[in-house]
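# Per-entry structural report
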Amino acid sequence: MRVLVCDTSNSSCSAGVYEINNLDVKELSYRLSLEKRTHSEVILPLISEVMNESKTNQNDVDYYAVTVGPGSFTGIRIGVSTIKGMAVVTDKDTVAISSTEALARSVEAVFDNGKTYILSCFDARNKRVFGAVYDKEINPVVPENAYAIEDIMNKLFEVLDAGSMVLVCGNGADAISTYISGLEDTKGIDFDYAGGAVILPKGIAITAANMINRGEIVSALKLAPKYCAKSQAERFKKPIEVQVREAQLSEASTINVLEAEGIDHPWTFEAVKALINDDNKVALVAVDKLTNEVLGYIGASWVIDEAEVGNLCVFGKYRRIGVATKIMDAFISFMKEKGVKTIFLEVNHDNYKAISLYEKCGFVLYGTRKDYYGQGKDADLYKIEL
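About the thresholds
Throughout, a residue's number is its position along its own chain's written sequence, starting from 1. Per-residue local features of the predicted model are confined to residues with pLDDT of at least 70, and side-chain atom pairs are confined, for both listing and counting, to 80 or more; whole-chain, interface and lining totals are unaffected and use all residues. Side-chain figures throughout are based on the complete set of non-hydrogen atoms in the structure, without hydrogens or water. Joining through side-chain atoms within 4.5 Å is the link that ties buried Ala, Val, Leu, Ile, Met, Phe, Trp, Tyr and Cys residues into a set, and such a set is a nonpolar core. Burial here depends on accessible area, computed with a 1.4 Å probe over protein chains only, as a share of the maximum for the residue type. Under 20% is buried, over 50% is exposed, and the range in between is partly exposed. Note on contacts: a residue pair qualifies if any of its non-hydrogen atoms lie within 4.5 Å across the two residues. Between the rings of Phe, Tyr and Trp (Trp by its six-membered ring), a pair exists once the centres lie within 6.5 Å; its type follows the angle of the planes, with under 30 degrees stacked, over 60 edge-to-face, and the other angles tilted. Under the scheme used here, helices are H or I runs from DSSP no shorter than 4 residues and strands are E runs no shorter than 2 residues, and both carry numbers assigned from the N terminus. Charge over a ring is defined by NZ of Lys or CZ of Arg lying within 6 Å of the ring centre and within 35 degrees of the ring normal. Pairing between two strands is assigned when DSSP locates at least 2 bridges connecting them. Looking down the strands as they point away from the viewer, one classifies a crossover as right-handed if the path from the first strand across the helix to the second runs clockwise. Note on terminology: pairs of cysteine sulfur atoms within 2.5 Å are recorded as disulfides.

### Concerning the nonpolar core
If you look at the biggest cluster of nonpolar residues, it comprises 56 residues, and the most contacted ones within it are Leu4, Met51, Ala65, Ile83, Val95 and Ile97. Among all residues touching valine 95, those that are not within four sequence positions of it are Tyr63, Tyr64, Ala65, Val66, Ala208, Met211, Ile212, Glu216 and Ile217. Counting 47 residues, the second largest nonpolar core, distinct from the first, contains Ala300, Ala307, Val314 and Val340.

This is the structure we're talking about:
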C-alpha cells in the first residue's frame, strides 16, 4: 500500500511517500524543511514535490498519515486541515500520528540495550513540555501529555531503574537539560541530549505502518488534532462575537470541509463555488468577528419570491453556542431584502436538533417525503412565510 505522510506539528515541516507492506517500509520520496516560513506556505509544495518525484497521484494513495499533536497549535491545524481536505476529496482513510511517537521512531536506531529510553519532548514554554518516554519497543512508559517539567521528570524517576540511559530529544531538550542540571540526584540515570532532533517522514511512516497493521485508522471526517492542552489564546479567549455575512470565494474550500464534517452527502467544491458566484444563489457564513474564522454556513437558492435552503451546518466545536440560530436569523433577513415571500427546506425526520432550530425560527411543517434519505428515512418538509 502507498501512504502519504506529513508533519507540521513543530519547528520542522516534512512530507513523504512510502510503500508499506505490513511493517516493511520502503521510502519512495521525502522532503524535510527547516525554513522559517510558516508551514502553511511550505507544506503543499512539499507534498507536490514528493508525489511528483515518486510518480504518485492521489488515486494511488491508500492512506494519508499526519501528525496530530501535541505541538504547535497553529502548526497542527495546518497539517490536519491539509490532509483532511485531501482525504475527504479522494474518499481515503487517514492515520492520526502521535508527534512524540513519530519523533521517537525517527531516532530509535540509538537503542543498544534494554535500559535505553527516549524522552520525546517539545517546548510548551513556561517550564512545560509536551512529552512522553518510550522504551526500545517504542512502548510508552510515561504517557504522552502536557507536563510541567518537574512532573514529567518525577514520573520518569518513578518508572526507570538506576543504570538506565535516557536520550532527551526534540526542542524541549534544552529546558529538560536546564532542569536536570539543577538536581543533586538523578537516581543513577544517565541523560544525553539531542535538542536538534526533528520528526522525520520515515518516523511518521514507521508509526503509520504499525498503526495500520493494528487497524488504527480513522475516516477523514473524524481526523482531529490532539493538543493535550489548551493554547494560551484559548485560555484567555473572549466569548465569540458572531458575525454573519456573504461568503467570499476564498472561503469555498473551508465550506467544503465544513460540509464534509457535518453532512452525509456534502456538495462538491464546484457546487459551493456556484453558491458564492451565481446571482440567484447565496452562501452566508458565520465568522468570529475578532479572528474572521468561519464557524458555520448556510447555502440556498431562490427564484422570484420563493427560496429553498440547501445546507446549514456548523463546525462541531462551535455547536450549541447559538451559531446556527444567528445564521438562520440573518438568512431570513437576507431573503426578505431580496423580496422572497416563502422559504422552503427539508430535514431528516429524526434530526430533532435541526427541527427544533427551524421551528424556533418560525418554520412550520407542511408535508413529508417518504424514504427521501433512504429506506425508512423520511424527510419532513418545512416552510416559513415572510
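On we go.
### With respect to the packing of aromatic side chains
For the structure shown, the criterion picks out 7 aromatic pairs. Ring geometry for phenylalanine 344 versus tyrosine 366: centroids 5.9 Å apart, planes at 70 degrees, classification edge-to-face. Separated by 22 residues along the polypeptide, phenylalanine 344 in strand β15 (residues 342-348) and tyrosine 366 in strand β16 (residues 364-369) bring together distant segments of the chain. The ring of tyrosine 366 carries lysine 383 above its face, with NZ or CZ at 5.4 Å from the centroid.

### Topic: the pairing of strand β9 (residues 165-169)
The element β9 is largely enclosed, with a buried count of 4 among its 5 residues. Here 5 bridges tie strand β6 (residues 116-123) to β9, and the two strands are oriented parallel to one another. Each residue of the ladder has a partner; that of threonine 116, found in β9, is methionine 165. In this structure, β9 lies alongside strand β10 (residues 190-194), joined through 5 bridges in parallel fashion. Bridging across to β10, cysteine 169 finds its partner in alanine 194. Between the parallel elements β9 and β10, the chain passes through helix α5 (residues 173-181) in a crossover that is right-handed.

### Examining the state of the cysteines
One pass over the structure, following the stated rule, counts 0 disulfides. No disulfide involves cysteine 121; its nearest neighbouring cysteine sulfur is the one of cysteine 169, lying 6.7 Å away. Exposure remark for cysteine 169: the relative accessible area of 0% places this residue in the buried category.

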